[in-house]
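# Coordinate analysis (summary)
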Amino acid sequence: MCKMNINMMSISRYIIVIIALGIASICNAQDQVVYNNYISNQGILNPAYNGTRDNISGLVIFRKQWIGFDGAPFTGALNVHSPIDAVQNLGLGVVVENDHIGFTNNLAVNVAGSYRLKLAHGMTLALGLQLGFKNVVYDGTKAVIVDYGDPVFEGRISKFGFNFGTGGYLYTDKYFVGLSIPKFFSNKYDTDKQEIRNIVRFKDVHTYIYGGYIFDVDDILIKPTGLVRIVPGAPLTLDVSCSFKPMKDYDLWVGLSYRTVSELVFMAEYRIDRKWTIKYSFDYSISDIQTYAKAGSHEIGLQFDFSPKRRPGIRSMRYF
């Protein structure tokens, strides 16, 4: 009986390790955070978006993924950006993002700049670049292992690396289209050399193509959006969503989204006043992972818009 219990414990540990490696393989191919509120979070997704609003804008967002699954990702991010009055058509933004998964923690800080070009028919094209650093901490002592003594799981390694990204953003009052590569460098743990490497690997570079449109139908606003995520080392993923503002005088949006990695998403946002908007989304996985993460994934954010005294505020209502 004692021997059977030991074997069962060993099998359980192996299962945990296999699941953890499965998550790691997914994150290795797609190691950038997936947000549901990517339309509100464009300053993190695309450096060209920073400064495209007429005031000081920002978003604080927290995402807890796969609740009930030990070691699942938890992310917090802050983006603050504004046009620069002293230099016409120039925007500036700061992005801080902390992502924790398993026994790896990633902290990234980037400074983004954008330049806006006025085009015909009310269109504006913004081009952006961001530069920054990333700190990767790999704590192998937190891993669940079967055989002790493996040096990979006996220490804590921390490394700072450089990163940069670029993007373009075309928009009017009614629609927007974006293309971005927010990060060129990958920060990978090399198990052979037992070190974190900061390198450019094109098979890990994430390219985002996204867009949306605002329809006004009998005072009901409809906002369909879509995002394509291209990673050469992973399957292409697509997010398709549609949000509605059913009552003209009540600033509540509700919507649904589908992600091709088998996730359904419910989204809602409420605009408290001209300065504050609260956002929430809930992911429900329709894949096998729902067996372990029964409470789904949750994302909550707070968006803010402030106008300096000499600026009249947002000149036209922006829904993206």
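Up top is the structure these notes are about.
Notes on the structure follow. Everything numeric in this text was worked out from a predicted model, so none of it was measured.

Conventions we followed
Residues numbered from 1 in each chain as written. Predicted model: local features only at pLDDT ≥ 70, side-chain atom pairs only at ≥ 80, totals over all residues. Heavy atoms only, no water. Helix = DSSP H or I, 4+ residues; strand = E, 2+ residues; numbered from the N terminus. Buried < 20%, exposed > 50% of the residue type's maximum accessible area, 1.4 Å probe, protein only. Contact = heavy atoms within 4.5 Å. Areas by Shrake-Rupley, 256 points an atom, 1.4 Å probe, with all protein chains shown as cover. Pairing = 2+ DSSP bridges. Salt bridge = Lys/Arg side-chain N within 4 Å of Asp/Glu carboxyl O. Patch = residues over 30% accessible without salt bridge, like charges linked within 9 Å, V, L, I, M, F, W, Y side chains within 5 Å. Lys, Arg positive; Asp, Glu negative; His and termini not counted. Charge placed at Lys NZ, Arg CZ, Asp CG, Glu CD. Phe/Tyr/Trp six-rings, centres within 6.5 Å; stacked < 30°, edge-to-face > 60°.

Helix and strand counts for the chain come out as two helices and 17 strands. Counting only residues that meet the buried cut, the chain has 45% of its 320 residues in that class. Intrachain contacts of the chain at a sequence separation of at least 6 include 55% that bridge at least 24 residues. Only carbon and sulfur atoms are counted for the fraction: they give 65% of the accessible area of the chain, which is about 16400 Å².

So, about the pairing of strand 14 (residues 252–259). Taken residue by residue, a regular strand's side chains alternate between the two faces of the sheet. Along strand 14, the buried face is formed by W253, G255, S257 and R259; none of L252, V254, L256 and Y258, which line the opposite face, is buried. Across six bridges, the pairing between strand 13 (residues 237–245) and strand 14 is antiparallel. Following the sheet pairing, S241 is matched in strand 14 by S257. The turn linking strand 13 back onto strand 14 is made up of six residues. By the bridge criterion, eight bridges tie strand 14 to strand 15 (residues 263–271) in an arrangement that is antiparallel. Bridge pairing in strand 15 links V254 to A268. In textbook terms, the turn of a hairpin is the stretch between consecutive antiparallel strands, and for strand 14 and strand 15 this stretch comprises three residues, one of which, S262, has a positive phi near 70°.

This paragraph deals with the pattern of salt bridges. As a working rule, side chains carrying opposite charge can pair if their charged atoms are close by. Evaluated as defined, the whole model comprises ten salt bridges. Two residues, D239 and R259, come together in a salt bridge whose shortest N-O distance is 3.0 Å. Of this pair, D239 sits in strand 13 while R259 sits in strand 14, placing them 20 residues apart in sequence. Like R259, D239 is buried. In this structure, E269 and K279 form a salt bridge, with 3.0 Å as the shortest nitrogen-oxygen distance. On the criterion of sequence distance, the pair formed by E269 in strand 15 and K279 in strand 16 (residues 276–285) is long-range, its members being ten residues apart. With a relative accessible area of 18%, E269 lands in the buried category. Here K279 falls in the buried class, since its relative accessible area comes to 3%. Where salt bridges share partners, they join R63, R229, D239, R259, E263, D283 and E299 into one cluster.

The next subject is a negative patch on the surface. On the surface, D216, D218, D219 and D249 cluster together to form a negatively charged patch. Relative to the helices and strands, D216 resides in strand 11 (residues 215–217).

All right, on to the environment of S40 then. With respect to the element layout, S40 can be found in the loop between helix 1 (2–29) and helix 2 (42–45). As for S40 and Q303, which are separated by 263 residues in sequence, their C-alpha atoms are 7.9 Å apart. Aside from chain neighbours lying at most four places away, what touches S40 is L59, E269, K279 and Q303.

The next thing to look at is the packing of aromatic side chains. Two aromatic rings, taken as a pair, are described by how far apart their centres are and by the angle between their planes. In total, this model carries 16 aromatic pairs according to the counting rule given. Ring centres of F133 and F160 lie 5.9 Å apart, and the angle between their planes is 50°; this geometry places the pair in the tilted category. A residue pair is termed long-range when its members are at least 10 positions apart, and F133 in strand 5 (residues 124–139) and F160 in strand 6 (residues 156–171) qualify at 27 residues. On the numbers, 5.7 Å between centres and 45° between planes, the contact of Y250 with Y270 is tilted. In this pair, Y250 sits in the loop between strand 13 and strand 14 while Y270 sits in strand 15, placing the two residues 20 residues apart along the sequence. Residue class for Y270 comes out partly exposed when judged on its relative accessible area of 31%.

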